[in-house]
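Each chain is listed here by its residues.
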Amino acid sequence: MPLSNDNSIIRFTNGSNIFVLILIVNYVPACRIYPCVLKQNPVQMTSPESRDYVIIGGGVIGLSVAYHLGKLGVTDVLLLERNQITSGTSWHAAGIVGPLRASVNATHIANYATELFPRLEAETGLFTGYKKTGGYWLAQTKDRLHELHRIAAIGELTGIEAEVISPSRLASREPDIVTDDLAGALFVPTDAQANPVDLCMAYAKSARANGVEIRENAEVDDVVVERGVVHSVRLIDGTTIRCKKLLLCAGAWSQHIGAIAGAPVPLQPVEHMYVVTEPMPGIKSPFPVIRDLDAGTYIKGDAGKLVIGGFEPDAKTWDARGLTGNHEFLELPEDWEQFEPFLNAALARVPAVAEIGIQHFMNGPESFTPDSRQLLGESPFVKNFFVAAGMNSTGMMSSAGVGKVIAEWAMRGEAPRDLWDIDISRFGLKHAEPDYLKTRMRESVADVFGMHWPNKQSKVGRDIYQSALHASLASDGAVFGVTGGWERPFWFARSEHEKSFTYSYGPQNWWSAAQRECEVIRDGVALLELSPFGKFDVVGKQSLTFLQHVCANDVDIPTGRTVYGQFLNARGGIEADVTIARFSEHHFRITSGAATRFRDWFWLKRCAFNLNHDIDIADVTELETVIGIVGPYSRTLLQDVSQHSFSNEDFAFGSTQLINIAGTSVRATRLSFSGELGWELSIDVGETQGVYSALTQAGAHFDLKPAGHLALLSCSSEKGFRHWGHELGPDVTPLEAGLGFAVSWDKAENFIGKDALLKQREQGVAAHLLQFELADSTHPIILHDEPIYRDGALVGQTTSGARGFRVGKTICMGFVRCSRGDSKLDLSSGQYHVKLADQLYELSVLENAAYDPAGRRMRG
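This one's a predicted model, so the numbers in the text were calculated from it and none came from an experiment.

Moving on: the overall build of the protein. Scanning the protein from terminus to terminus reveals 18 helices and 41 strands. Taken over the C-alpha trace, the protein has a radius of gyration of 28 Å; the compact-globule value for 860 residues is 29 Å, and the two agree within 12%. Taken along the three principal axes of its C-alpha coordinates, the protein extends 85 × 70 × 55 Å. For the protein, the proportion of contacts with a sequence separation of at least 24, taken over those separated by at least 6, is 71%. Carbon and sulfur atoms form 49% of the exposed surface of the protein, whose accessible area is close to 31,700 Å². Averaging the coordinates of the 79 positive side-chain charges in the protein and doing the same for the 101 negative ones gives two points 3 Å apart.

Have a look at this one:
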C-alpha cells in the first residue's frame, strides 16, 4: 500500500547504523527501512532508571506541569533541566498576566492564573509577585475597536469583566497616557503582573513537596522510540531513563528534541526584546498594562519603572543549537534598530518616558509558532510523547492553565476538554521544516498583536500543499486561501475588485463571487476542488470490527455504500466527523476534514494501538485528486463523459462505484456537501489532468464553472450541515448536535462513548444546537463565539455564521442552554438576539434547514 508524505517515523539503532522505519501505522509491523548515518562516538550508557513520567524543561511551563501532576497524586515524576531551573527563557519574561485573550480556549487557559497564582503563595509561603494592576487594550482605528468589542464578548462568555470605554474616559482615568489618536479602549480589571522567577520557585517547591524530583544540569541527548511509542531518554552523561510518558516543555529547545524523537514540534525561536526604564518619579502605581495593539507595543509597570516591549515584524530567528544555545540566563546583543519603532510608539503614548533614560535592554530568545498559537497535546507521530511549547511570549501567564491541561491530558490519555485550536496535531511534518518556520517568522511574531480579520490569510510560508489542479484553477482566476496547509480556491475572480482579499468586518469583497458561484451550483453545474479532505484507507480482516468499535454509527454496510458518522471519546464527545465508504469486504475509506487530517490520522492510529487489531491504516490524502461535480446538470455532464449510468436506480445517493472517464478508472461517490445533486470523483494524482480536461471540455456544453470553498461553506450552512471545530468537537455529543440519527444504538459492538451517550439520552441534554436567521438585511458578519440572548438573558453562543446566497439571508448556528429534558421545540419560543461587536441583532429560530429541508434536490 502506498505511503503518504506524512507517515510517522520511528528510529532504532543497531551496531553502526541507525534505521528509520516509516510505518503505514505506527503500531502495525508493516514498514520500510532506510539506512542513515549514525552519530559518532556514542556515549556508554549506564544501567537505566525507570519513571512513569519524565518532564524535559525546568522553565515555567515544565514546572507548572510538574506541580499539577503532583497535585493529581502522581508521585513517580522526574523533571530534567539542562542547566538551572528558569535559566532558559522563563527568567526574562516580561511578567504580564492577561486573563482575557482573543479566543475562548486561550482565555480559559490564561484566566486560571488569576486563581492559581494567589493560591500558590498561600500554599508555599513564597512570594510570586502576583498583583492586579488592570489593563487597557488600545484601538487606533474603528476596525480595531470593533475587534475589541468582540473580545469583550469573549469575556462575557467566560465570566471575565471587560468594558470598552471612550478615549475621553481613558484620559480621565490615566492622565499619563496620550489618547488623542484613539478610537477607544478595552479595560480589563483583572489584568495583572507577576515575577517569573519567583513563580517558578513556588511551582518547584510545591512540586517537590508532592513527590516530584527535579534534577538540574541534566541535559537530554536522545529520545528512544520503539514501534512508535516513547521508550526512554538518554542524558548527555550516558544515563538512560525509561519512561511511560514523556512531556516536552523545553521552550526554544523543544524543536530539536522533538526532531530527534521523530515528533516534529513546529516552533521557531526568535530574538525578542524589551527595555526597562530608569525609575520614573510620579508615575502611577500600580501602572496598568497597556497594549497599544496597532503599534505592536506593550507597556507595564515594574517597581516604579516601565517595561516597554513589542512584537517584531520580520523577527530575527535564533538557533537554539548554535554557539549560544547552551548558555544559561542568556542575553543576546542589543539591537536598537530593530527596537526603535516600539520605543518611538511608547514615547508617543507615554511622553514622560522621554524625560528619563533606559536602564536595561533585554534581548532574549522566545519561541513562536506558524499561526501564533500554542502547541499542546500528544504528538500525532509518537505515542505517549506530550508537548507543551510554542507559547508565543505568553508562557508565564499561560503556565497555570497549560500545566493543568497537559497534566490531565497525560494522565487520561485524551484532552480534558476541547483544545483543538491549540492542539499540536493541527500541524503536519511540512509545518516543522526549518525553511518554512523561518519564513513564517516574518509574520507570526507581529501577528500576536495583529488584527483577527475574518478569513485572514498568511502572506508568507504558502504553498505547502498544492493539488494537481492548482495551476489549472489558478489560470481560471482562483483566489487561494489555506486550509490545513493546502492551497485551496476560496473563490474565482472575474474583476479586479475580486482578485485578492480586502479585509473588513463589514461587507466582504468576495461576496459577489461567492453569490455568482452559489447560483451556478443551484441552477447549473459547478466544479469543486475537494482534494484537501483527509482520506484514510483501513484494510484487513479486522477492519470492520475495528471501525464498529471506533464509529458510533453502523459501519457494516454493503460494499459500494457509504455511511455518515462520528468517532467519539469516552465522554461521548465528537473526536472526528467522517464519511465511511466500503470498497470491499475488508477495505474501507474514511473521509474527514482538511484541517483535521493529522488529528484524525492520529486518532485512528491510537485506537488501533489500544484495540490491538490486525489492520493497516494508510493516509492517502496526497495520492488522490478529488473533484466535486455538483448542480442539477451534474448527472447530465457525467453521463456525457462516461458510459456509466448515473440514474437514481443505478447510482443511488450514498453509493460509490468505479467508473471510467477518458480511459481512466475513477472512484465516483454520490455525495454532496452543497445540498445539490452531485458526485465526488477520486482520481490517482498522475491521471488528474486527463480527467479534468475531459470534464471541462464536455462542460463547455453545459456552462460548467468552478466554484470556491467559501461558496461551498455558504451552501452547507444553508443546509444546516455541521462543521467540526465549530458545531462539533470533543465537548459536544451527537445528541447535543442533533446527530442522534447517526448513532447505532442497537449494533452488537460496544462503540467508544456509548455508555456516556446512553446516560445522556436518559437524562437529557443541557444544550441544543439551533439554526437561526438574522432579521437584519445589511448582513453583518457572524463568525463564532458571539453571545446569544433569549428574552434578554445570556443563554449560549454562536458556532458559525454565513451569508446564504441561495436563500438571500444571513444564517448562523449556535448552542442554547436548556433544562435537561427540554426539546429543541421547547426552545423555539422567546425573543432571541445575537451580539455582534457592540450591536444586538434579532434572530429567528429555524425549525428546519434554510434551504431544501427535505433534501429533494440532493437526492433527485
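Before going further, it helps to spend a moment on the packing of aromatic side chains. Scanning all chains against the criterion turns up 27 aromatic pairs. Ring geometry for phenylalanine 646 and tryptophan 679: centres 5.5 Å apart, planes at 90°, overall edge-to-face. Linking phenylalanine 646 in the loop between helix 14 (634–641) and strand 32 (656–661) with tryptophan 679 in strand 34 (residues 678–684), this pair joins segments that are 33 residues apart in sequence. Put simply, the rings of Trp453, Phe490, Trp491, Phe501, Tyr503, Tyr505, Trp510 and Trp511 touch in pairs and so form one group of aromatic residues. Directly above the ring of tyrosine 112 sits lysine 404, whose terminal nitrogen or CZ lies 6.0 Å from the centroid. It is arginine 806 that lies over the ring of tyrosine 851; its NZ or CZ is 3.7 Å from the centre.

Further remarks concern the packing of helix 14 against helix 15 (residues 688–699). At their nearest, the axes of helix 14 and helix 15 sit 9 Å apart, and the two run at 120° to each other. Taken as axis vectors, helix 14 and helix 15 run oblique relative to one another. Viewed along their axes, helix 14 and helix 15 form a crossing whose handedness is right-handed. On helix 15, the residues touching Leu637, Leu638, Asp640 and Val641 of helix 14 are Ala694, Leu695, Ala698 and Gly699. Taken together, the residues that form the contact of helix 14 with helix 15 break down as 6 nonpolar, 1 polar and 1 charged.

Time to look at empty space enclosed by the protein. Space left empty within the atom packing is revealed by a probe, the size of a water molecule, rolled over the atoms. As enumerated under the stated definition, the model contains 4 cavities of 30 Å³ or more in all. Of the volumes computed, that of the largest cavity is approximately 160 Å³. Trp409, Asp423, Glu575, Arg599 and Trp603 are, among the 13 residues lining the largest cavity, the residues nearest its centre. With 4 residues, helix 13 (residues 597–611) is the single largest residue contributor to the lining of the largest cavity. Of the residues belonging to the lining of the largest cavity, the class tally is 5 nonpolar, 2 polar and 6 charged.

Time to look at the pairing of strand 33 (residues 664–669). Burial analysis of strand 33 places 5 of its 6 residues in the buried class, which makes it a mostly covered element. Bridge analysis of strand 32 against strand 33 gives 6 bridges, and the strand direction is antiparallel. Within strand 33, the residue paired with threonine 656 across the bridge is threonine 669. In this structure, the hairpin formed by strand 32 and strand 33 is closed by a connection of 2 residues, where alanine 662 is found at a positive phi of approximately 55°.

Ordered in space as 27-28-29-26-30, the 5 strands form an open sheet in which the pairing is antiparallel. Two strands close off the open sheet at either side, each with one partner strand: strand 27 (562–568) and strand 30 (616–619). Averaged over all neighbouring strand pairs, the angle between strand axes comes to 30°, with direction disregarded. Pairing analysis gives 4 bridges linking strand 26 (residues 534–539) to strand 30, with the strands arranged antiparallel. Each bridged residue has a counterpart across the sheet, and for valine 539 the counterpart in strand 30 is aspartate 616. Docked against the sheet, helix 12 (residues 543–550) engages strand 26, strand 27, strand 28 (574–584), strand 29 (587–592) and strand 30, running at close to 35° with respect to strand 29. The sheet contacts of helix 13 involve strand 26, strand 27, strand 28, strand 29 and strand 30, and relative to strand 30 the element is tilted by about 170°.

Now for helix 7 (residues 336–349). Between its first and last C-alpha atoms helix 7 spans 19 Å; for 14 residues at 1.5 Å apiece the expected length is 20 Å, and the two agree. Where helix 7 bends most, the angle comes to about 25°, and this point is phenylalanine 342. All of the buried residues along helix 7 are Gln338, Phe339, Phe342, Leu343, Ala345, Ala346 and Arg349. Packing partners of the buried residues in helix 7 comprise strand 8 (135–139), strand 16 (268–277), strand 17 (289–292), strand 18 (297–302), strand 19 (305–310) and strand 20 (358–368).

A word on the sheet that holds strand 6 (residues 96–97). Strand order in the open sheet formed by 3 strands is 6-11-7, with antiparallel pairing between adjacent strands. Here the strands that pair on one side only, and so sit at the sheet edges, are strand 6 and strand 7 (131–132). Pairing between strand 7 and strand 11 (residues 192–193): 2 bridges, direction antiparallel. From the neighbouring strand, lysine 132 faces strand 11, where its bridge partner is alanine 192.

Where strand 37 (residues 787–790) meets strand 38 (residues 793–804), 4 bridges bridge the pair, whose relative direction is antiparallel. Paired with arginine 790 across the bridge in strand 38 is alanine 793. As consecutive antiparallel partners, strand 37 and strand 38 are separated by 2 residues, and within that stretch aspartate 791 has a phi angle of approximately 50°, a positive value. What sits between the antiparallel neighbours strand 38 and strand 39 (residues 809–817) is a turn of 4 residues, in which glycine 808 has the positive phi angle 70°.

Here the protein averages 93 in pLDDT, while 95% of its residues score no lower than 70. Throughout residues 1–46 the model reports pLDDT below 50, and contacts reaching past four residues in sequence, or to other chains, amount to 123 contacts.

What the rule picks out here adds up to 46 salt bridges. Between aspartate 52 and lysine 244 there is a salt bridge whose closest N-O contact spans 3.4 Å. You can see aspartate 52 sitting in strand 4 (residues 49–56) and its partner lysine 244 sitting in strand 15 (residues 240–248), a full 192 residues away along the chain. Of the charged contacts in the structure, one is a salt bridge between aspartate 221 and arginine 234, with a shortest N-O distance of 3.3 Å. With aspartate 221 in strand 13 (residues 220–226) and arginine 234 in strand 14 (residues 229–235), this residue pair connects regions lying 13 residues apart in the sequence. A residue is classified by how much of its surface remains accessible, and arginine 234, at 15% relative accessible area, is buried. Linked by salt bridges that have partners in common, Glu49, Arg51, Asp76, Glu213 and Arg215 make up one network.

Here we come to helix 11 (residues 511–523). Across its 13 residues, helix 11 extends 18 Å between first and last C-alpha, which sits within 8% of the 18 Å expected from 1.5 Å per residue. Looking at helix 11, one finds that the buried residues are Trp511, Ala513, Ala514, Glu517, Cys518 and Ile521. With its buried residues spanning 155° around the axis, helix 11 presents them on a single face. For helix 11, the secondary structure elements touched by its buried residues are strand 24 (486–492), strand 25 (526–529), strand 31 (624–630), strand 35 (705–707), helix 16 (709–718) and strand 38.

So, about the packing of helix 12 against helix 13. Interaxial distance between helix 12 and helix 13 falls to 11 Å at its minimum, and their mutual angle equals 110°. Taken as axis vectors, helix 12 and helix 13 run roughly perpendicular relative to one another. Only Trp603, Leu604, Cys607, Ala608 and Leu611 of helix 13 make contact with helix 12, whose side of the interface consists of Phe546, His549 and Val550. Residues belonging to the contact of helix 12 with helix 13 are distributed by class as follows: 7 nonpolar, 1 polar and no charged.

Here we come to the nonpolar core. Counting 48 residues, the largest nonpolar core has Ile55, Phe117, Tyr203, Leu247, Leu376 and Ile406 as the members making the most contacts within it. Secondary-structure elements contributing two or more residues to this core are strand 4, helix 1 (60–71), strand 5 (77–80), helix 2 (104–124), helix 5 (196–209), strand 22 (385–389) and helix 8 (395–412). Here this core takes 8 residues from helix 8, the largest share from any one element. Not counting chain neighbours up to four residues away, the residues in contact with isoleucine 406 comprise Val65, Leu247, Leu376, Gly377, Val387 and Ala388. If you look at the next biggest cluster of nonpolar residues, it comprises 37 residues, including Ile56, Val233, Leu235 and Ala389.

How each quantity is defined
- Residues take numbers from 1 onward in each chain, read along the sequence in its written order.
- Where local features are concerned, this predicted model is filtered to residues with pLDDT of at least 70; where side-chain atom pairs are given and counted, the filter is 80 or more; whole-chain, interface and lining totals use all residues.
- In computing side-chain values, all of the structure's heavy atoms are included and hydrogens and water are not.
- Elements are defined by DSSP. Helices are runs of H or I of four residues or more, strands are runs of E of two residues or more, and each kind is numbered from the N terminus.
- Here the globule rule reads 2.2 Å times residues to the power 0.38, and the radius of gyration is calculated from C-alpha atoms.
- Any pair of residues with heavy atoms lying within 4.5 Å of one another is described as a contacting pair.
- Only the protein chains shown count as cover for residues, and all accessible areas are computed by the Shrake-Rupley method using a 1.4 Å probe.
- Lys and Arg are tallied as positive, Asp and Glu as negative. Neither His nor the chain termini are counted.
- A charged residue contributes its charge at one atom only: NZ of Lys, CZ of Arg, CG of Asp or CD of Glu.
- Stacked, tilted and edge-to-face pairs are distinguished by plane angle, under 30 degrees for stacked and over 60 for edge-to-face with tilted covering the rest, among Phe, Tyr and Trp rings (Trp via its six-membered ring) whose centres lie within 6.5 Å.
- Both a distance and an angle decide whether a charge sits over a ring: NZ of Lys or CZ of Arg must be within 6 Å of the ring centre and within 35 degrees of the ring normal.
- Where helices are involved, their axes are fitted lines through C-alpha atoms of the stretch in contact, as for all axes, and angles between N-to-C directions lie from 0 to 180°.
- We call two directions roughly parallel when the angle between them is under 35 degrees, roughly antiparallel when it is over 145, roughly perpendicular when it lies between 65 and 115, and oblique otherwise.
- Helix crossings fall into two classes, left-handed where the near helix is turned counterclockwise from the far one by less than a right angle and right-handed where it is turned clockwise.
- Here the term charged refers only to Asp, Glu, Lys and Arg, the term nonpolar to Ala, Val, Leu, Ile, Met, Phe, Trp, Tyr, Cys and Pro, and the term polar to all other amino acids, Gly among them.
- Using a grid of 1 Å spacing that covers the protein atoms alone, one calls a set of points a cavity when a 1.4 Å probe fits there but cannot get out, and a pocket when the set is open and has protein on both sides within 12 Å along at least five of seven lines; lining residues are those with an atom within 4 Å of a point.
- Grid points are joined across faces, edges and corners, and a volume is the space filled by probe spheres set on the points.
- Throughout, exposure labels follow a simple rule: accessible area from a 1.4 Å probe, protein chains only, divided by the maximum for the residue type, with under 20% read as buried, over 50% as exposed, and the rest as partly exposed.
- Pairs of strands are assigned from DSSP output, requiring at least two bridges between the strands.
- The length a helix should cover is 1.5 Å for every residue beyond the first.
- Bend is the name given here to the angle between axes fitted to two runs of seven residues, the run ending at a residue and the run starting at it.
- As a per-residue quantity, pLDDT reports the predictor's confidence and falls between 0 and 100.
- The salt bridge definition used is simple: a Lys or Arg side-chain nitrogen within 4 Å of an Asp or Glu carboxyl oxygen.
- Directions pointing from the helix axis toward each C-beta atom define the arc.
- Residues belong to a common nonpolar core when they are buried Ala, Val, Leu, Ile, Met, Phe, Trp, Tyr or Cys residues joined through side-chain atoms within 4.5 Å.

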